[in-house]
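Structure assessment
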Amino acid sequence: MEVIIQPTYTQLAEVAAEIIRDALLKKPNLALGLATGSTPIGLYKALVRMHETDGLDFSDVTTFNLDEYVGIPPNHPYSYHTFMATHFFNAVNIPAENCHIPQSTVVGHEEFCEKYEAAIVNTGGIDIQVLGIGKDGHIGFNEPSSSLGSRTRIKTLTQSTLEANAPHFGGTIDAVPKMAITMGVGTIMEAKQCLLLASGTSKAEAIANAVEGPITAEVPASVLQMHPRTVVVIDEAAATQLKRVDYYKHVYANKQKLLSQLS
Ligand code: F6R
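What counts and what doesn't
Residues numbered from 1 in each chain as written. Predicted model: local features only at pLDDT ≥ 70, side-chain atom pairs only at ≥ 80, totals over all residues. Heavy atoms only, no water. Salt bridge = Lys/Arg side-chain N within 4 Å of Asp/Glu carboxyl O. Helix = DSSP H or I, 4+ residues; strand = E, 2+ residues; numbered from the N terminus. Pairing = 2+ DSSP bridges. Axes fitted to C-alpha atoms, helices over the stretch in contact; angles between N-to-C directions. Contact = heavy atoms within 4.5 Å. Core = buried A, V, L, I, M, F, W, Y, C linked by side-chain atoms within 4.5 Å. Buried < 20%, exposed > 50% of the residue type's maximum accessible area, 1.4 Å probe, protein only. Expected span 1.5 Å × (residues − 1). Arc of directions from axis to C-beta. Right-handed = clockwise from strand over helix to strand, strands pointing away.

**Looking at the pattern of salt bridges**
- Per the stated rule, a full pass over the model turns up 9 salt bridges.
- A salt bridge links E2 to K255, with the shortest nitrogen-to-oxygen separation between them at 2.7 Å. With E2 in strand β1 (residues 2–6) and K255 in helix α8 (residues 245–262), the pair connects residues that are 253 residues apart, well separated along the chain.
- Salt-bridge contacts for D127 lead to K192; the nearest nitrogen and oxygen are separated by 3.3 Å.

Written out as structure tokens, the structure is:
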């Protein structure tokens with residue numbers, strides 16, 4: 001795992017956007033796995049800026065979102081469909097037909113999940129999977145105890161996730177959808193590269209468990225230790241419970257030095 005620690009949220013978002021920009025410049029038909037939530041908003045903002053000011057071209061990009069609530073319509077103000085349109089899709093030139101988001105209904109969900117997985121495979125697999133992390137270590141909506149080999153399916157959300165999402169639903173837990181459709185941990189692990197983002201002290205314990213703790217279904221993000229190409233980009237606040245901060249910083253600083261000598 002490569003762990004990149006940045007002083008602030010804005011800088012972590014910039015580093016994450018640069019990783020995606022560099023990959024896109026090398027491969028214009030990049031397949032991106034995308035996350036919602038507060039963490040990737042800065043990343044999307046930076047990518048939109050790169051599109052508007054530097055002409056970064058998304059016209060051949062395909063996207064697959066990790067998850068969507070079940071039981072609210074796609075045009076609900078807090079659906080992930082609405083989130084993606086607002087923060088990213090409406091502001092860049094990805095063709096609408098290239099954007100895939102799990103459906104928000106249980107009707108025919110098994111067939112839908114199979115087709116979602118097949119669409120990822122048919123695209124050639126996800127090149128970069130963007131991930132946030134829950135305070136309980138979830139990725140996507142794979143809550144603790146999710147099978148580390150799980151595929152796209154419906155999951156029941158934990159109390160901790162319902163509480164975290166309540167502010168988006170008028171502050172009441174009762175209004176938060178109780179289930180979500182999510183890519184599985186196994187689906188995520190098939191991405192060629194994973195880009196895990198986290199900001200703030202509220203994520204420090206989850207990051208320490210995911211990066212330095214034992215690999216366990218109790219912390220689904222810990223399975224990323226088994227992924228050959230995971231990059232963790234976090235701010236100082238999210239790094240406060242990591243044991244090897246000095247080492248991660250040393251490795252990254254030297255990589256930057258080396259890269260600057262090569263260019
Ligand atoms: C959302 C998702 C979730 C979030 C996680 C962190 O698509 O997959 O796993 O990444 O709940 O959410 P924030 O960023 O709001 O703290």
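Structure's up, so let's keep going.
**Some words on the sheet that holds strand β4 (residues 67–69)**
- Read across the sheet, 3 strands follow the order β4-β8-β7 without closing on themselves; strand pairing throughout is antiparallel. A single partner strand is all that each edge strand has here, and the edge strands are β4 and β7 (153–156). The average angle at which neighbouring strand axes cross in this sheet is 30°, direction not considered.
- The sheet contact formed by β7 and strand β8 (residues 179–182) spans 4 bridges and is antiparallel. Looking at β8, one finds that R153 is bridged to T182.

**Looking at the environment of G200**
- Inspection of the secondary structure assignment puts G200 in the loop between β9 (193–198) and α7 (204–212).
- Residues G200 and E236, spaced 36 residues apart in sequence, show a C-alpha to C-alpha distance of 7.7 Å.
- In this structure, G200 is in contact with D235, A237 and A238, ignoring residues within four places of it in sequence.

**Digging into the nonpolar core**
- Counting 71 residues, the largest nonpolar core has F88, L195, I234 and L242 as its most contacted members.
- The element contributing the most residues to this core is helix α1 (residues 9–26), with 7 residues.
- The contact partners of L195, leaving out residues within four places of it in the chain, are A16, I19, I20, I128, Q129, V130, L131, V231 and V233.
- Counting residues in each nonpolar core, the second largest holds 10 residues, with I72, F141, A166 and F169 among its members.

**Observations concerning α8**
- Relative to the 26 Å expected for 18 residues at 1.5 Å per residue, α8 spans 26 Å between its end C-alpha atoms, a close match to the ideal helical length.
- Every buried residue belonging to α8 is among V245, Y248 and Y252, and all of these are buried. Projected down its long axis, α8 carries its buried residues within an arc of 70°, all on one side. When the buried face of α8 is taken as reference, the exposed residues oriented beyond 90 degrees from it are D246, Y247, K257, L258 and Q261.
- In the core, the buried residues of α8 are packed alongside β1, α1 and α7.

**A few points about the pairing of strand β2 (residues 31–34)**
- Judged by which residues are buried, β2 turns out to be covered on both faces: A31 and G33 on one side and L32 and L34 on the other are all buried.
- Where β2 meets strand β3 (residues 62–65), 4 bridges bridge the pair, whose relative direction is parallel. Note that in β3 the partner of L34 across the bridge is N65.
- Remark: the β2/helix α2 (residues 41–54)/β3 crossover connection has right-handed handedness.
- Looking at chain direction, β2 and strand β6 (residues 128–131) are connected through 2 bridges and run parallel. By the bridge assignment for β6, G33 is matched with Q129.

So yeah, pure geometry; function would need other evidence.
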